[in-house]
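Letter by letter, the chains look like this.
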Amino acid sequence: MAKKPNDRGAQWGGLIAAIVATLMLLALLGRQAAQDVKTIPYSEFQAELAAGQLADLTVTDSEITGHYKTPPKDGPSQFVTERVDTGLAAQL
């Protein structure tokens, strides 16, 4: 008696391939997103802010993020900096 072909193996193989492809795409997109953000020193943040070059600021307990109004030609349009206590920054 002849055995029927096992279609379950083919189904699982296709599912695993789709999951792997999705994970690879997400990793690639995450890497691209990380490259679009420039980490800058707090002093540079202060200078850019005083010059009016920053927009869409988000301040958290530990960092400040935002966008450059006019992004550099060869650089990212977003930035991030570590938040420094203003009293400490004045002492430095």
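Counting from 1, residues in each chain are numbered in the order their sequence is written. Note on the predicted model: pLDDT of at least 70 is required for a residue's local features to be given, and 80 or more for side-chain atom pairs to be given and counted; whole-chain, interface and lining totals, by contrast, use all residues. Think of the side-chain values as coming from all heavy atoms in the structure, minus any hydrogens and water.

Some details on the pairing of strand β3 (residues 63-68)
Thinking step 1. Any two strands with at least two DSSP-identified bridges between them are counted as paired. Secondary structure follows DSSP: runs of H or I at least 4 residues long count as helices, runs of E at least 2 residues long count as strands, and numbering of each begins at the N terminus. Where strand β2 (residues 54-59) meets β3, four bridges bridge the pair, whose relative direction is antiparallel. Within β3, the position partnered with Thr-58 by the bridge is Thr-65.
Thinking step 2. Hairpin remark: β2 followed by β3, antiparallel, with three residues in the connecting loop.
Thinking step 3. Here β3 runs beside strand β4 (residues 78-82); their pairing, made up of five bridges, is antiparallel. Note on β4: the bridge partner recorded for Ile-64 is Thr-81.

Examining unusual backbone geometry
Thinking step 1. With phi around 55°, Asp-56 is a residue other than glycine that occupies positive phi space.
Thinking step 2. You can see Asp-56 is positioned in strand β2.

Here's the deal with the pattern of salt bridges
When the charged atoms of two side chains with opposite charge come close together, those side chains can pair.
Thinking step 1. Throughout this description, the term salt bridge denotes a Lys or Arg side-chain nitrogen within 4 Å of a carboxyl oxygen of Asp or Glu. Applying the stated rule across the entire model yields one salt bridge.
Thinking step 2. With a shortest N-O distance of 3.6 Å, Glu-44 and Lys-38 are connected by a salt bridge.
Thinking step 3. Working definition: with a 1.4 Å probe on protein chains only, accessible area under 20% of the residue-type maximum means buried, over 50% means exposed, and in between means partly exposed. Judged by relative accessible area, Glu-44 falls into the partly exposed class, the value being 24%.

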